[in-house]
Amino acid sequence: MTAPAHEQISASRRWAMLAAGTGAQTASAAMVHGPAFLIPALHLQQGLPLARAGLVAAAPLAGIMVALIAWGLVVDRRGERFALVAGQSLAVLGGLAATQSEGLVALSAALFVAGVGGAATNSASGRVVVGWFPPERRGLAMGVRQTGQPLGVGIAAASVAVVAQQHGVAAALWVPTAVTIVSLVVVVLVVLDPPRPPAAERASTPSPYRGSFLTRVHGVSVLLVVPQFVVWTYALTWMVTDLGWSTAAAGAVVAGTQVAGAAARVGAGWVSDLVGSRMRPLRWVAVAAAVTMVTLGVAAELAPLVAVVLMVAASAITVADNGLAFTAIAERAGPFWSGRALGIQNTAQNLVAAAVPPVAGLLVAAAGYPVTYALVGLLPLIAVALVPVAAEHDPAAGQRPVAAGGRPGVL
């Protein structure tokens, strides 16, 4: 009998692959979100209108959007290591081209290619975690892996704008490019494909979308993305314009929310391992998000200092679901479908996230921040009812029942 995947390698190698996957996600986030911090230099130093500078920031985001599902298919067919190496190599080529680009069109095209390559890490690094970690450690491991996004954004926020101001746009683009090069080397040295069933079984594996479980998880994640991006997008502006804070003080608080968000992702994953469920903690997160956002709306009108504390809490709570949903989708979809399922998950979240700033901006302009926060808090309430807790361990849906000790079974 073949030993479980986590028993085929040493614990140190398993954690090294988690570090490599987290590094890949960090590099992807730095590459995709880093160009947004070029906007001040492009606008103030090069004289580009804000709208045109925004096109540069949007280019890698567009690249990642169009490529997520395609890279998921690559992961399903060719494996995690191949997708990570190919994707990060393409991201490096795009980043290098961006450092040499002259003109807005060439720069945007190079960053678009970098975004296409960076998209590979979303499915592939998640599958590495699910494939090599035992069920009772996957939630924690995926929570750690999910810290890659705030870490990558933090690296870009702390360096890209400063380097661009002092040395120019091309020099600043070396920051995410260098991070991606380092990550690529680590992936090549460390990552192995998790074992999977013979390819001949692919044809007989039914689509996991025949039931409603994955669709409902996607829906929950989309609903929880809205308060997440409302807080991320407008917290700084709210504190400066409505509360009278300095930009520096408000910026420090917003930066701190990234640390809180990373801790929340790890904590939620650990709790899911402890209770032997991804969906029950996901429902708890949805309830907490609803309560926090509605309370934030009330406090923003009546008690501003309390509202700031609640804003920090909301920033952490509204991202805590990401690792839970990602792990559950990978476990349920299985080795022949989870790449595409994770790609669909990220695509849906990104599409909604892209619409949040302009729509929320209209609502803020019409009704103010307190009303906006409170209304957005109603969406997690819908998510509470949508979380498929009862179907999580349904054997007929492709997952074994909870094993002794409350730990979820293996696909």
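What counts, and where the lines are drawn
Residues numbered from 1 in each chain as written. Predicted model: local features only at pLDDT ≥ 70, side-chain atom pairs only at ≥ 80, totals over all residues. Heavy atoms only, no water. Helix = DSSP H or I, 4+ residues; strand = E, 2+ residues; numbered from the N terminus. Buried < 20%, exposed > 50% of the residue type's maximum accessible area, 1.4 Å probe, protein only. Core = buried A, V, L, I, M, F, W, Y, C linked by side-chain atoms within 4.5 Å. Contact = heavy atoms within 4.5 Å. Expected span 1.5 Å × (residues − 1). Bend = angle between axes of the 7 residues up to and from the residue. pLDDT = per-residue confidence, 0-100. Salt bridge = Lys/Arg side-chain N within 4 Å of Asp/Glu carboxyl O.

1. Examining the side chain of E331
Now for step 1: The residue E331 is located in helix α15 (residues 321-333) in this model.
Now for step 2: For E331, a relative accessible area of 2% gives the class buried.

2. Observations concerning the nonpolar core
The nonpolar side chains of a soluble globular protein tend to be buried with one another.
Now for step 1: Ranked by size, the top nonpolar core spans 33 residues in total, and within it L224, M279 and L282 carry the most contacts.
Now for step 2: Contributing elements (two or more residues each) for this core: α6 (120-132), α7 (135-146), α11 (213-241), α12 (247-275), α13 (279-302), α15, α16 (338-367) and α18 (378-386).
Now for step 3: Tallying contributions element by element places α15 first for this core, with seven residues.
Now for step 4: Among residues more than four places away in sequence, those in contact with M279 are F213, V217, A328, V387, P388, V389 and E392.
Now for step 5: Residues V231, M239, Y373 and V376 belong to the second largest nonpolar core, which totals 23 residues.

3. Observations regarding α11
Now for step 1: Taking 1.5 Å per residue, 29 residues should reach 42 Å; α11 reaches 43 Å between its end C-alpha atoms and fits that length.
Now for step 2: Y234 marks where α11 bends most, by close to 50 degrees.

4. Some remarks on the confidence of the model for the protein
Now for step 1: Summarising the model, the protein shows a mean pLDDT of 85, and 92% of its residues fall at 70 or more.
Now for step 2: Taking the mean pLDDT of every element in the protein, the minimum, 77, falls on helix α2 (residues 39-45) and the maximum, 96, on helix α10 (residues 174-190).
Now for step 3: Across residues 395-411, where pLDDT falls below 50, the model places 34 contacts with residues more than four positions away in sequence or in other chains.

5. Focus on helix α14 (residues 304-317)
Now for step 1: In a regular helix each residue adds 1.5 Å, so 14 residues correspond to 20 Å; α14 covers 19 Å between its end C-alpha atoms and thus fits that length.
Now for step 2: On the buried face of α14, the contacting elements are α11, α12 and α13.

6. Notes on the pattern of salt bridges
Close approach of charged atoms allows side chains with opposite charge to pair.
Now for step 1: Enumeration over the complete set of coordinates arrives at six salt bridges.
Now for step 2: One salt bridge connects R340 with D76, and the closest N-O pair in it is separated by 2.8 Å. Placement of the pair is R340 in helix α16 and D76 in helix α3 (residues 50-78), with a sequence separation of 264 residues. Here R340 and D76 have matching classes, each one buried.
Now for step 3: Residue D273 pairs with R278 through a salt bridge whose shortest N-O separation is 2.9 Å. For the pair shown, D273 and R278 are each scored as buried.

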